[in-house]
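So you can see what is in the structure, the chains are spelled out below.
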Amino acid sequence: MLAVAGFLMIIVFMVLIMTKKLAPMLALMIVPILFALGLGFGPGIGKMAMAGVKQVAPTGVMLFFAIIYFSLMLETGLFSPLVKKVLIWVKGDPLKICVGTAILATAVSFDGDGSTTYLITTAALYTIHRKVGIKPIILPTIVILCNSVLNIIPWGGPTARVLAALHLEIGEVFNPMIPGMIVGALYIWAFSYYLGKKERARIGTVALDEQHIVAQYEASITDEEKATARPNLIWFNLILTVVLFITLMADVVPSAIIFMVGTALALMVNYPKSKEQSARLISSGSNAIPVVGMVFAAGIFTGIMSGTKLIEVMAQAIVHAIPASMGPHMGFISAFLSLPGVFFLTNDAYYFGVLPVLNQAANSYGVPTAMMGIASLIGQGAHLLSPLVPSTYLLVGLNKIEFGDLQRYALLPAIGLSFCMLIVALILGIVTI
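Every residue gets a number counted from 1 within its own chain, in the order that chain's sequence is written. Local features in this predicted model are restricted to residues whose pLDDT is 70 or higher, and side-chain atom pairs enter the listing and the counts only when it is 80 or higher, whereas totals over whole chains, interfaces and linings include all residues. Note: side-chain values were computed over all heavy atoms of the structure, leaving out hydrogens and water.

Draft legend 1. Spatial organisation of the nonpolar core. Buried Ala, Val, Leu, Ile, Met, Phe, Trp, Tyr and Cys residues form a nonpolar core when they are joined through side-chain atoms within 4.5 Å. Think of it in three bands: with a 1.4 Å probe and only protein chains considered, a residue is buried below 20% of the maximum accessible area for its type, exposed above 50%, and partly exposed in between. Of all hydrophobic cores here, the largest spans 124 residues; its most connected members are Phe13, Phe259 and Leu406. Here this core gets 10 residues from one element, more than from any other, and that element is helix H3 (residues 45-76). If near-sequence neighbours (up to four positions away) are discounted, phenylalanine 259 is found in contact with Met62, Phe65, Ala66, Tyr69, Phe70, Leu119, Leu244 and Leu248. Here a helix means four or more residues in a row that DSSP labels H or I, a strand means two or more in a row labelled E, and each is numbered from the N terminus. A contact between two residues is defined here by any heavy atoms of the two lying within 4.5 Å.

Laid out in structure tokens, this is it:
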């Protein structure tokens, strides 16, 4: 009964946000609390919810100051020269912009951190997409699909969990995944080309000379944007941002502290007066609060799911649902199970809870452990669209779109990405039917 309640809770949550009956932040808090009350966990709800909130607190702090930092960089005009040059290069061609977005997002995703990818790509490309008139949903869709592929790199998270859960070496799992990842990246670039072609047909291409484009771009800058711009400090802001990312990727200081210090330095140098600093904090903070609120709400959701043991019984239910006669095909089955598995459960819950049990059953039928590990990563194509992934709320917030809209638009292409990787794995014999 607990397992049924767990899956029903996820379904109710998904329906509520996709039909826009409730805002995601409200659904993340209200739905698990109501289900926990109905299941008789009333006295412990507060403790469970707080445990979840504490778990996501470092992420929430990091996102709060990261959003403020990049809002400041946008206000100072750090990305204005890049936007101007790209506008001149693409000459208002949505197709080039969409393909360029895919290439940039793929390159940035190599750092293995979704939040960093979303911050960089959105900061660099958001203005370009908006000024050309491309649908707001397209930028986050392309970025999250690109990040879904690169999320499989060993330092990205899921692969590390698989290696730890099944006691495998990197070469046994990651190396065989590389061909599928390459095909997956090409699939996303082709999809981006398709989206760009559709947008080109809808919007058209603005064929203007360089002088006209620059004049048009500068005319679009508002008086408020001019007042907050600091073109004379562009080199300082660029160096500060580069140093910030180098420190972030070196992983020597907690990311929250890096963005807190970076924000403080950016404010002090760009806006030395206390009144200016307060104004910029209020302006940037309004962008950060909804995203951070969503992260803490997600903490309540996951905290209650873990505290009530719903995640555990859901994992057990998935395993028991597989008939013994299907044992020899466990590699293929695991590849299919990973798609809903990592969507409805957290990576930790699936790879540390479900996968070891599936692997134990598969081994008894002669299915290699490495195959089970590889198969379990196939579903990562759609994982980042799960409501249990905090960084996706950052992407949604930065692009000023609804979570449900992103799911509706990107879910089918994301499932297609997983099938691309599965087909490659089957052709190469990495996973067998």
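Draft legend 2. Quick look at the packing of helix H7 (residues 138-150) against helix H21 (residues 403-427). Helix axes are fitted only over the stretch in contact, all axes being lines through C-alpha atoms; the angle between N-to-C directions runs from 0 to 180 degrees. Interaxial distance between H7 and H21 falls to 10 Å at its minimum, and their mutual angle equals 35°. Crossing handedness for the pair H7 and H21: right-handed. In contact with Ile138, Pro140, Thr141, Ile144, Leu145, Ser148 and Val149 of H7, H21 contributes Leu406, Tyr409, Ala410, Pro413, Ala414 and Leu417. For this classification, the nonpolar set comprises Ala, Val, Leu, Ile, Met, Phe, Trp, Tyr, Cys and Pro, the charged set comprises Asp, Glu, Lys and Arg, and every other residue, Gly included, is treated as polar. Its residues placed into classes, the contact of H7 with H21 shows 11 nonpolar, 2 polar and no charged. Crossings are sorted by hand: turned counterclockwise from the far helix by less than a right angle, the near helix makes the crossing left-handed, and turned clockwise it makes it right-handed.

Draft legend 3. Layout of the side chain of aspartate 93. Residue position: aspartate 93 is located in the loop between helix H4 (80-90) and helix H5 (94-108). Excluding anything up to four places from it in sequence, aspartate 93 contacts Arg200 and Thr205.

Draft legend 4. Inspection of the pattern of salt bridges at higher detail. The term salt bridge refers to a pairing of a side-chain nitrogen on Lys or Arg with a carboxyl oxygen on Asp or Glu at a separation within 4 Å. In the structure shown here, the tally under the stated rule is 5 salt bridges. In this structure, the salt-bridge partner of arginine 200 is aspartate 93, at a minimum N-O distance of 2.7 Å. Here the residue arginine 200 occupies a position in helix H9 (residues 170-203), and aspartate 93 occupies one in the loop between H4 and H5, the gap between them amounting to 107 residues. A relative accessible area of 5% means that aspartate 93 is categorised as buried.

Draft legend 5. Quick look at the packing of aromatic side chains. Aromatic pairs are defined between Phe, Tyr and Trp rings, using the six-membered ring for Trp, whenever the two ring centres lie within 6.5 Å; interplanar angles under 30 degrees are classed as stacked, those over 60 as edge-to-face, and all others as tilted. Taken as a whole and judged by the stated rule, the model has 11 aromatic pairs. Between the aromatic rings of phenylalanine 13 and phenylalanine 301, the centroid separation amounts to 5.2 Å while the plane-to-plane angle is 55°, which identifies the pairing as tilted. Residue phenylalanine 13 is found in helix H1 (residues 2-18), and its partner phenylalanine 301 is found in helix H14 (residues 274-307); the two are separated by 288 residues along the sequence. A single burial state applies to phenylalanine 13 and to phenylalanine 301, both of which are buried. Aromatic rings pair up to connect Tyr69, Phe70 and Phe259 into one cluster. Two conditions define a charge located above a ring, namely a distance within 6 Å from the ring centre to NZ of Lys or CZ of Arg, and an angle within 35 degrees of the ring normal. Taking the ring centre of tyrosine 271 as reference, the NZ or CZ of arginine 280 above it sits at 6.0 Å.

Draft legend 6. How the structure looks around the packing of H5 against H7. With their axes 9 Å apart at the nearest point, H5 and H7 run at an angle of 35° to one another. Crossing angle aside, the handedness with which H5 passes H7 is right-handed. Where H5 approaches H7, its residues Cys98, Thr101, Ala102, Ala105 and Thr106 are matched on the opposing element by Ile138, Leu139, Ile142, Val143, Cys146 and Leu150. For the contact of H5 with H7, a count of residues per class yields 9 nonpolar, 2 polar and no charged.

Draft legend 7. Region of interest: the environment of alanine 185. Within the secondary structure, alanine 185 is located in helix H9. With 79 residues separating them along the chain, alanine 185 and threonine 106 place their C-alpha atoms 7.7 Å apart.

Draft legend 8. The arrangement of unusual backbone geometry in detail. A positive phi angle, near 65°, is found at lysine 309, a position not held by glycine. Note that lysine 309 resides in the loop between H14 and helix H15 (310-320). Located in the positive-phi region is lysine 400, a residue other than glycine, with phi close to 55°. You can see lysine 400 is positioned in the loop between helix H20 (390-399) and H21.

Draft legend 9. Seen up close, the environment of arginine 202. Along the chain, arginine 202 falls in helix H9. The partly exposed category is assigned to arginine 202, whose relative accessible area is 46%. Taking the C-alpha atoms as reference, arginine 202 lies 34 Å from methionine 25; in sequence the two are 177 residues apart. Beyond its immediate stretch of four places on either side in the chain, arginine 202 contacts Gly133, Ile134 and Lys135. At a separation of 3.0 Å, a polar atom in the side chain of arginine 202 contacts the main-chain carbonyl oxygen of glycine 133. Polar contact is the term for a pair of N or O atoms within 3.5 Å; when the atoms are in protein, one must be able to donate a hydrogen and the other to accept it, and sequence-neighboring residues count only if both atoms are side-chain atoms.

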